[in-house]
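Coordinate inspection notes
Each chain, written out:
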Amino acid sequence: MSEFKVHHRDGEGFSVIELKGYLDAHTAPDLESTFQRLLGDRKFNIVVNCKDLTYISSAGLGVFMAYIEDVRKNKGDIKLSNMSPKVYNVFDLLGFPILYEIYKDEQEAINKFRQHGKKI
Amino acid sequence: MGIRSRSSRNKPSSDLIPLFEYSNVVNSSVDLKFILSTVLLTVMGKMLVSRGMVLLRKEGHLFGVVAAKGVGEQIWRRTIGIQKLGKSMVSLHNVKKSLGEDYDFFLHYEMRLLVPILTRAGVVGVLGIGEKFSRKKFSASDRKLIKSLVNLSASAIEKAVIVDQLKVANRSLDTKYQELNTLFELSKEFNLVLDSQKVVRLLTFSLLGQIGVNRYAVCLFQSGFMRIVASKMEERAELHQAVQTLAAVQNPMLTEDLARRREFQDVAAHLARATVRAVIPMQVQNQTKGLMLLGEKLHGGSYTKGDLEFLYSLGNLAIISIENARLFQETLEKQRMQEELKIAREIQQGLLPQHLPEIEGFDLAAVNISSKEVGGDYYDVMDLPGKEFVLAIGDVSGKGTPAALLMANVQAALRALAPMEYTMPEATARMNDITYSNTRGDKFITLFWGILNAERRDLRYVNAGHNLPFLIRADKTVERLSDGGIILGMMKTVTPYEEGRTTLRPGDTMFLFTDGVSEAMNDHGEDFTEERLEGVLRKLAGFRASDIVREVQKEIEAYAGGTPQSDDMTMVVLRVL
């Protein structure tokens, strides 16, 4: 069985989800329940740190798609960071860079939320 | 001379050094855009020209604009057909009349010189150059320099084009690999999941991820109806109707293609309003068992043939798992039913007497053959004080555990009431009222019960709607024991039950049975009938009780000829010695 872990921590005005290991059809429900929890708590500024994500399949990408609309409707966003080239390649192949903001590191993504917050 | 020769040596070298640099720059790159833009800018710089463009051959006579300067952005990615393009330059100076459509495009953008880009493969493209700032024509040496610049870059362009093609091929390979991976992963995962809701969930994740749609509906064909089981689109009534018609779709189709088929024209209009772009049937052995309706691709672009093929595979994979899940549920249900029937049979068998009491002066035998479905047959023989015996036979409506439990109730009531100081009609009325209040009139029991005084050979009985027992006298005359009243459990007792009385004589045989005996069926669906039973019993008069039971059973088996019986069969035989 493939190893996958989701860890989530809250900052000031944002939440970070850290992914580790294999995100595929089998493990997608784990990430799904994390999103459900965050949305339930009305936390809509979400950074997904992919530093330790070794593999992502289209079912895994589907989870991001399933929640992005709700998040954006609530004036939040799902921003991605720290992707390995291999994982980025999958995102790129399936056309995700058009739909999501992808940053080199987590702090950059968090700063974006902060700037946005100031504007409002 | 010296000066001349120096200057003539110097002149080419001053041209050659930048040429060499240019060649180095151009040939060290495989970036087509960079190369073309360098060629274009170098030519424009050398010739002092403010307009220029590069077109590359796409296929056949079609050429696409890949780089352009000074002519406006709208020209980018334009494709034009050029029929007559030779290997030599074409001057468009002072052209008065149209040279044909081929050149009208270049004339429109004020190109003055067309330079073919030649490689070993022939003409791969064309460089268009506008008017010189000086408004002069291109001189012979201008042309020579332009030709050199283009020739020097030709192999780099060729290389870069191949690299670009490889990149495209690589990317489409990557995409295919990704698609296969998704299918492979899901087939693995689907096999682990035996819950169709979870299969649908995984399916939608893959749709979202792989194709990037977020408007979709998944329908499954359930009990003759296409049902939308998961959706992220507005479910108007017309959508529910549309999917019924779409059940006939055999191949993945774009909404625009459906619109061209007469039978789907109306539906396609609904779909277009609901922003459905593609319809994918989910099939098991060419039968459409489900549908996926898909909206716009978020990344833009329309559904490609490859997308549709992938979706079709994905859908078929999912529907097989959903079918398997359904079959698994059915099997589980069947197992549960069988388990329940086993319990019912155990209850029933537990209620029947393990041993029949010895009755002096009488010969007694009984049998209960329970059918596959377990009917509610019941018989009992009880010892009462004073050489009296209760003989009872009954049949509860319905089958399985509920029937078995009700039967247990009746037995308990009978066993409790029989020894008490009630008359038989009173006791029967009590049983009726108890049954009625327990079942509220939706379950019935036919019951015949009698009390035999073995010393006086006297029988009192009440028949509550049960098949009339036979009393075959020693002289073979036949009586039926019919006194009693209404079936138990139908309504509260209004009319009291009647008690029948008869005196038994040596050689008499009493035969109690349930309808499973008289209604045993042959393969034409015909009942054994009470008439036939009576005939058999007359023949057997005088036989031992256990032989009568066995012979009747044999006769029925011969009649039924192996037809499986749906009801229990119960017989109780009492013979007077």
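Just so you know, these numbers come straight off a predicted model, no measurement behind them.

Definitions and limits used
Residues numbered from 1 in each chain as written. Chains lettered and ligands numbered in written order. Predicted model: local features only at pLDDT ≥ 70, side-chain atom pairs only at ≥ 80, totals over all residues. Heavy atoms only, no water. Contact = heavy atoms within 4.5 Å. Buried area = accessible area lost by both parts, 1.4 Å probe. Salt bridge = Lys/Arg side-chain N within 4 Å of Asp/Glu carboxyl O. Polar contact = N/O pair within 3.5 Å; in protein donor to acceptor, adjacent residues only side chain to side chain. Helix = DSSP H or I, 4+ residues; strand = E, 2+ residues; numbered from the N terminus. Nonpolar A, V, L, I, M, F, W, Y, C, P; charged D, E, K, R; others polar. Pairing = 2+ DSSP bridges. Axes fitted to C-alpha atoms, helices over the stretch in contact; angles between N-to-C directions. pLDDT = per-residue confidence, 0-100. Parallel < 35°, antiparallel > 145°, perpendicular 65-115°, else oblique. Patch = residues over 30% accessible without salt bridge, like charges linked within 9 Å, V, L, I, M, F, W, Y side chains within 5 Å. Areas by Shrake-Rupley, 256 points an atom, 1.4 Å probe, with all protein chains shown as cover. Buried < 20%, exposed > 50% of the residue type's maximum accessible area, 1.4 Å probe, protein only.

1. Focus: the interface of chain A and chain B
Every contact between the two is made by 25 residues of chain A and, on the other side, 24 residues of chain B. Surface buried jointly by chain A and chain B totals about 2,100 Å² across both partners, of which 53% is contributed by carbon and sulfur atoms. Here chain A is connected to chain B by 3 salt bridges. Between B:Arg215 and A:Glu69 there is a salt bridge; the shortest N-O distance is 2.6 Å. Counting across the chain A and chain B interface gives 11 residue pairs in polar contact (both at pLDDT 80 or more). At the level of elements, helix H1 (28–40), helix H2 (58–73) and helix H3 (85–93) of chain A are the ones that each hand at least two residues to the side of chain A that touches chain B. A total of 9 residues in the side of chain A that touches chain B trace back to one element, the largest contributor, which is H2(A). Among the residues forming the side of chain A that touches chain B, the class breakdown is 15 nonpolar, 6 polar and 4 charged.

2. Points about unusual backbone geometry
Phi at B:Leu48 takes a positive value of approximately 55°, unusual for a residue other than glycine. On the secondary structure map, B:Leu48 appears in the loop between helix H2 (32–47) and strand S1 (52–59).

3. Structural notes on the sheet that holds strand S5 (residues 102–103) of chain A
All names here are of chain A. Across the sheet, 5 strands lie side by side as S1-S2-S3-S4-S5; this open sheet has mixed pairing. The sheet is open, and its two edges are formed by strand S1 (4–11) and S5, each paired on a single side. On the sheet, H2 packs against strand S2 (14–23), strand S3 (45–56) and strand S4 (77–81) and is oriented at approximately 140° with respect to S4. Of the strands in this sheet, S3, S4 and S5 touch H3, which is tilted by about 110° from S3.

4. Some points on the confidence of the model for chain B
The pLDDT averaged across chain B works out to 87; a share of 96% of its residues lies at or above 70. Among the prediction metrics, the complex's ipTM stands at 0.76, with pTM recorded as 0.58.

5. Here we look at the packing of helix H5 (residues 196–211) of chain B against helix H9 (residues 305–351) of chain B
All names here are of chain B. Between H5 and H9, the least distance of the axes is 9 Å, while the angle of their chain directions is 170°. Our classification of the angle between H5 and H9 gives roughly antiparallel. Counting all contacts with H5, which are made through Ser196, Val199, Val200, Leu203, Ser206, Leu207, Gln210 and Ile211, the residues of H9 involved are Asp307, Phe310, Leu311, Leu314, Ala318, Ser321, Ile322 and Ala325.

6. Structural notes on a nonpolar patch on the surface
Residues B:Ile486, B:Met490, B:Met491 and B:Val494 make up a contiguous nonpolar surface patch of about 360 Å² in total accessible area. Looking at the secondary structure, you find B:Met490 in the loop between strand S19 (484–485) and strand S20 (500–503).

7. Details of the pattern of salt bridges
This model, assessed by the stated rule, comprises 38 salt bridges over all chains. Measuring nitrogen to oxygen at the nearest pair gives 2.5 Å for the salt bridge that ties A:Glu18 to A:Arg9. Residue A:Glu18 is classed as partly exposed on the basis of its relative accessible area, which comes to 28%. Where B:Asp257 meets B:Arg260, a salt bridge forms, and the shortest distance between an N and an O atom there is 2.9 Å. A relative accessible area of 27% means that B:Asp257 is categorised as partly exposed.

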